[in-house]
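# Commentary on secondary and tertiary structure
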Amino acid sequence: MSDTPRLPGLTLAEADELVNTAHAVAAERGFAPLAVAVLDVTGEVIALKRADGGKPVTSRVAVAKARTALRMLQPSGEVALPAEVVGPLQHSYGGDFVARAGGILITDGDVIVGAIGASGAQSAQDEEAVRAAVERRPAQA
């Protein structure tokens, strides 16, 4: 055991399981290849995988959707801001703000422990895959 403290929240094993589950859901449902990212509460990547055949840009978009959910404290697809606000936010965050479905928060009770985002299929399908992964996550003690 290390003496170095760690942030509360998701472990690498939990993040990997979420990513793998989202990929499995996408494959089961016949979605286009996804990139799926799991972030810690600071918005940094814990795990990121792009399925075979996925477009390279989808990795960055998956991370951006998850970060958008964290920054707005709500699913990225529920961000209802006018274009004149979204544009400056995208600029402020270096393009790392995507107000499209596919990024959601991961919680333990009422505490946010991270976020997950996907990109590569239609936005609703991206979100369907990550929601299913989070819903299948074992209950936390």
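Please refer to the structure higher up on the page.
Residues numbered from 1 in each chain as written. Predicted model: local features only at pLDDT ≥ 70, side-chain atom pairs only at ≥ 80, totals over all residues. Heavy atoms only, no water.

## Points about the sheet that holds strand β2 (residues 45–50)
- Across the sheet, four strands lie side by side as β2-β1-β4-β3; this open sheet has antiparallel pairing. Since the sheet does not close on itself, it has two edges, and those belong to β2 and β3 (103–108), each with one partner. Between one strand axis and the next, the sheet turns through 15° on average, direction left out of account.
- The pairing of strand β1 (residues 35–39) with strand β4 (residues 111–119) spans five bridges and is antiparallel. Across the sheet, Ala35 pairs through a bridge with Ser119, a residue of β4.
- Those strands touched by helix α1 (residues 12–28) are β1, β2, β3 and β4, and its axis lies near 25° from that of β2.
- Packed onto the sheet, helix α4 (residues 123–136) meets β1, β3 and β4 and runs at close to 145° relative to β4. (Pairing = 2+ DSSP bridges. Helix = DSSP H or I, 4+ residues; strand = E, 2+ residues; numbered from the N terminus. Axes fitted to C-alpha atoms, helices over the stretch in contact; angles between N-to-C directions. Contact = heavy atoms within 4.5 Å.)

## Topic: α4
- Here α4 is 14 residues long and its end C-alpha atoms lie 20 Å apart, about the 20 Å a rise of 1.5 Å per residue gives.
- Every buried residue of α4 is accounted for by Ser123, Asp126, Glu127, Ala129, Val130, Ala132 and Ala133.
- The elements touched by buried residues of α4 are α1, β1, α2 (57–72), β3 and β4. (Expected span 1.5 Å × (residues − 1). Buried < 20%, exposed > 50% of the residue type's maximum accessible area, 1.4 Å probe, protein only.)

## Topic: the pairing of β3
- Direction of pairing for β3 relative to β4: antiparallel, over a ladder of six bridges. Its bridge partner lying in β4, Thr107 is registered against Ile112.
- If you look at the hairpin formed by β3 and β4, you'll find two residues sitting between the two strands, and Gly109 has a positive phi there, around 70°.

## A few points about α1
- Here α1 contains 17 residues, and its C-alpha end-to-end distance of 24 Å stays within 8% of the 24 Å for a straight helix at 1.5 Å per residue.
- Along α1, the residues that are buried comprise Ala15, Leu18, Val19, Thr21, Ala22, His23, Val25 and Ala26.
- Where α1 is buried, its residues contact β1, β2, β3, β4 and α4.
- Phi turns positive, to about 75°, at Gly30, one or two residues after α1.

## Some thoughts on the nonpolar core
- Among the nonpolar cores identified, the biggest contains 22 residues, and Leu18, Leu34, Val36, Val38, Ile106 and Ile116 are the most heavily contacted of them.
- Broken down by secondary-structure element, the contributors of at least two residues to this core are α1, β1, β3, β4 and α4.
- Sorting elements by how many residues they give to this core places α1 first, with six residues.
- Discounting chain neighbours no more than four positions away, the residues touching Leu34 are Ala22, His23, Ala26, Lys49, Arg50, Ala51, Ala118, Ser119, Gly120, Ala121, Asp126 and Ala129. (Core = buried A, V, L, I, M, F, W, Y, C linked by side-chain atoms within 4.5 Å.)

## Focus on the pairing of β2
- Direction of pairing for β1 relative to β2: antiparallel, over a ladder of five bridges. The partner of Val36 across the bridge, within β2, is Lys49.
- What sits between the antiparallel neighbours β1 and β2 is a turn of five residues, in which Gly43 has the positive phi angle 90°.

## Regarding the packing of aromatic side chains
- Overall, the coordinates contain one aromatic pair when judged by the stated rule.
- Plain terms: the ring middles of Tyr93 and Phe97 are 6.3 Å apart, the flat faces sit at 15° to each other, and that makes the pair stacked.
- Residue Tyr93 is classed as partly exposed on the basis of its relative accessible area of 35%.
- Here Phe97 falls in the buried class, since its relative accessible area comes to 1%. (Phe/Tyr/Trp six-rings, centres within 6.5 Å; stacked < 30°, edge-to-face > 60°.)

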